[in-house]
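A look at the structure
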Amino acid sequence: MGKPIRCFMKRTRKENLIRRLFCLFSLFSIVFLLGIVIVLFKEGLPIFKVISFGKFFFGKFWYPVYEPPDFGILPLLLGSLWVTAGALIIAVPLGVASAVYISEVAHPKIKGFIKPAIELLAGVPSVVYGFFGMVVVAPLVQEFFGLPVGLNALTAAILLGVMAIPTITSISEDAISSVPKSFKEASYALGANRWETTVKVTVPSAAGGISTAIILGMGRAIGETMTVLMVAGGAAVIPRSFFQPVRTMTATIAAEMGETVVGSEHFHALFAIALVLFALTLSLNIGADVLTQKFRKRLR
Amino acid sequence: MDIRKTKEFIGFGVLKLAAVIVLLALFTILYFVAVRGIKVINWEFLTQMPRSGMTAGGILPAILGTFYLTICAICFALPLGVAAAIYLTEYAKQGRLVRIIRIGINNLAGVPSVVFGLFGLAVFVKFCGFGISILSGGLTLGILILPTIIRASEEALMVVPRSFREASLALGATKWQTISKVVLPNAVSGMLTGSILGIGRAAGETAPILFTAVTFYSVRLPRSVFSEVQALPYHIYALMTEGTHPEAQIPIAYGAALVLVSLVLGIDLIAIIIRNRFRRRKKW
Amino acid sequence: MVIEIQNSKFKIKNEKEEKIEKDIRISIRDLNIWYANTRAVKDVSLDIEKNKVTAIIGPSGCGKSTLIRAVNRMNDIIPGVKVKGEILLDGENIYDEDVDVVTIRRMVGMVFQRSNPFPKSIFENVAYGLKINGFLRKKEIAERIEQSLKDAALWDEVKDRLGDSALDLSGGQQQRLCIARALAVEPEVVLFDEPCSALDPVATARIEELIQELKEKYTIVIVTHNMQQAARISDFCAFLMLGELIEFDKTDKIFTTPSKKVTEDYITGRFG
């Protein structure tokens, strides 16, 4: 009676094979990430045979094609941080305020329009931002502040700020709208109005998610290449004011990699910059991840 | 009482103002690009080769190049991404391996695009010997959009109700039969819309193809995957920063920017519309 | 003391004799099931007879769904579930390591709480199980589909629109379609996990009638929270509470003279 129920080796083997195959495919992301790390180390580290860590990180001059060359990335590092800081000054208030508006104030119909619009803003290619910056924003900045050139840190910061807003807004909005209703109801029950509830209950409860959003927005700004390459002015000097042209790490790589000889000191120096850049964005990402986990646990 | 109400009024007003500014920024960019770009766009502009050292003629090679690069990227990333998503949602048990894979995906998504360019240069151009080519650039872009595709596919798979899987398994289907005959057919639309967002991203990126695929000027259209190509985003950059006749090049850049923006945002818009439609139509 | 020992010996002997008489299809032995760290089923043992309807009743959360899902190993797909004990299907333990789960599920069909047809045509829904089992000849498939739809008392309502989407059917029809789908692969046992909980009284009556007819061919286990339903359709009844099997006996005995106070309280509606 009954069918034999044991040992269908062929079928089990086939199923296991399929599972392993998919597992293999899912490992590719890690393979690529590791590949990036290996390439950056392999091509970046040789520069330290020529120059010490200290001189690389704290050298004030970046003259890669002089004889002898200078490979100090301090101006580039500061250029990146300078522009990113400027971008955040613009993007954080606007981005977070828009997120609060979308999730707490806006009528559902308006919300249904603003959210996709901001998603679209994220979709505009960075080279278009750079182009727009060159032909529209830079002349305005130049004229308004009476500057010799419009391509400077301020212009770059404005554009990067606009570019970081979608990231900040959409993640903050997720965080704010996932604040439990009961928190708000408790506040209303105590006689607080909507504004007081928003400021004193909702936004503080979403603080973890909002900080994650800001960190990721920061990562986006630091890693952005084409826009800063086109509008930041490109002077590799230590920035002293926002009205001065600056050059970021990303722009340096993009501008100079095409002209270097593969395997030269300059080539390795550019990979070393990429390594620094990668380390920076990686730690920002991990930081954001840790914050998200913490935030989740606390809400529970 | 009155003060509190005034405060609320002002507070919400400020929030609204912020949202308006953000939207205004978006529409200003689109407006400028559209109004100035539309003047140079005509049939000839879209279908002709560039002439007289990039100061006249069309942008056909750049449009085609972007098209080829994007196709190449999606052909590479879509199977990989879908397979990874299937493993993560259908097969994997929560554990250390899955955690590591997720960390990999999250961090890959955060790597600056120019770093992908360097990776492509070192691995595809030099190590694999593909040279500066559609293949090198396409593969680099493929890796760049892989996280987007994995996430979109995972989301699409997770929307398929568990009851479908249970029904299939209870009928004596194997896991793979269940996935291939029940889960995937119901997730395919979601996967595609998600992947379209990846396509949009691949079409608009410049930094990753800077040293892996593009050239400012080519006499011929590309013949094979090993040809170097022109691409729209790079074309815009080059027109703005190289060359000697900015007054003639800027209008062309406007035209190219409009084509690129309509392409990318058009693709995104289609994805968003399809997504919303599917969300509404699904009964389960 | 002596008498007691004798008594129990006698009982064991008696049980064994009965077992030979009865035709037992499924035998659950000391079954324990854990969800993460909570034990949902505790030391349950019971025998399920061939061509009879066995009902599992009890208050919600008592582990009855978990128990029935153990019979075709559907719990395997839920992460964190641990099973200890044995379930013998025709004398073979389905939890043995070398047992093929897929074969078990082909032999033990299941109908779920909420009807879950695939978003395909009526025909394709019933054909699904056949196709994955390697039936390829169109004529044979069509015949089997007709037969299972007839067995599920759905044929007359859908025979002219087999190509329509299954999602266009009413709730009751959808559930009968799911029954037809399960019958098409010719299982030996059919498990019903609260099959009527989402249906109106008319549709429920049809399903109950159907289950009565099905026991001619199949062995049936049904989980229900509706005691009237259990009384109406089952031959045997198991009462479960907090994961423990309180009482298992012939249905009329459970509903007329239960041996335990708790069972009586539950059946008379004093809690639950």
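Keep in mind the model is a prediction, meaning the values are calculated, not measured.

Notes on a positive patch on the surface
- Positive charge collects at one region of the surface, where Arg19 and Arg20 of chain A together with Lys93 and Lys175 of chain B lie side by side.
- Assignment of secondary structure puts Arg19 of chain A in helix α1 (residues 9-26).
- Residue class for Arg19 of chain A comes out partly exposed when judged on its relative accessible area of 33%.

Observations regarding the confidence of the model for chain C
All names here are of chain C.
- Chain-level pLDDT for chain C is 86 on average; 91% of the residues reach the 70-or-more range.
- Taking the mean pLDDT of every element in chain C, the minimum, 47, falls on helix α1 (residues 2-21) and the maximum, 94, on strand β8 (residues 219-223).
- Across residues 1-14, confidence stays below pLDDT 50; counting only partners more than four residues off in sequence or on other chains, it has zero contacts.
- Prediction confidence for the complex, expressed as pTM and ipTM, is 0.86 and 0.89 respectively.

Considering unusual backbone geometry
Residue and element names in this part refer to chain C.
- Backbone geometry places Ala153, a non-glycine residue, at a positive phi of 55°.
- Notably, Glu186 is not glycine yet its phi reads approximately 50°, a positive angle.
- By the secondary structure assignment, Glu186 is in the loop between α7 (171-184) and β7 (189-193).
- Of the residues examined, Glu186 reaches a relative accessible area of 49% and is grouped as partly exposed.

Looking at the nonpolar core
- Of all hydrophobic cores here, the largest spans 189 residues; its most connected members are Ile36, Leu40, Trp62, Phe131 and Ile273 of chain A together with Val115 of chain B.
- Considering every element that reaches this core, the biggest residue donor is helix α3 (residues 60-91) of chain B, with 15 residues.
- Shared between two domains, this core holds at least three residues of each, these being domain 1 (2-40) and domain 2 (45-281) of chain B.
- Excluding its chain neighbours within four sequence positions, the residues that come into contact with Ile36 of chain A are Phe278 of chain A together with Leu108, Val111, Val115, Phe116 and Phe119 of chain B.
- Ile141, Leu149, Ala152 and Val190 of chain C belong to the second largest nonpolar core, which has 46 residues in total.

Here we look at the interface of chain B and chain A
- Between chain B and chain A, the contact holds 75 residues from the first and 73 residues from the second.
- A buried area of about 6,600 Å², summed over both sides, lies between chain B and chain A, and 82% of it is on carbon and sulfur atoms.
- Joining chain B to chain A, the criterion identifies one salt bridge.
- The salt bridge partner of Glu196 of chain A is Arg4 of chain B, with a shortest N-O separation of 2.7 Å.
- Applying the counting criterion to the chain B and chain A interface returns seven residue pairs in polar contact (both at pLDDT 80 or more).

Brief notes about the domain arrangement of chain B
Residue and element names in this part refer to chain B.
- Under the domain assignment, chain B is made up of domain 1 (2-40) and domain 2 (45-281).
- One C-alpha centre belongs to domain 1, the other to domain 2; they are set 31 Å apart.
- Contacts between domain 1 and domain 2 engage eight residues on the former and eight residues on the latter.
- When domain 1 packs against domain 2, the two sides together hide about 670 Å² of surface, and 83% of this comes from carbon and sulfur.
- On the domain 1 side of the interface with domain 2, the three residues burying the most area are Val33, Arg36 and Val40, jointly 65% of the side's total.
- Remark: the boundary between domain 1 and domain 2 carries one residue pair in polar contact (both at pLDDT 80 or more).

Quick notes on the rules
Residues numbered from 1 in each chain as written. Chains lettered and ligands numbered in written order. Predicted model: local features only at pLDDT ≥ 70, side-chain atom pairs only at ≥ 80, totals over all residues. Heavy atoms only, no water. Patch = residues over 30% accessible without salt bridge, like charges linked within 9 Å, V, L, I, M, F, W, Y side chains within 5 Å. Areas by Shrake-Rupley, 256 points an atom, 1.4 Å probe, with all protein chains shown as cover. Salt bridge = Lys/Arg side-chain N within 4 Å of Asp/Glu carboxyl O. Lys, Arg positive; Asp, Glu negative; His and termini not counted. Charge placed at Lys NZ, Arg CZ, Asp CG, Glu CD. Helix = DSSP H or I, 4+ residues; strand = E, 2+ residues; numbered from the N terminus. Buried < 20%, exposed > 50% of the residue type's maximum accessible area, 1.4 Å probe, protein only. pLDDT = per-residue confidence, 0-100. Contact = heavy atoms within 4.5 Å. Core = buried A, V, L, I, M, F, W, Y, C linked by side-chain atoms within 4.5 Å. Domains from an automatic or database assignment. Buried area = accessible area lost by both parts, 1.4 Å probe. Polar contact = N/O pair within 3.5 Å; in protein donor to acceptor, adjacent residues only side chain to side chain.

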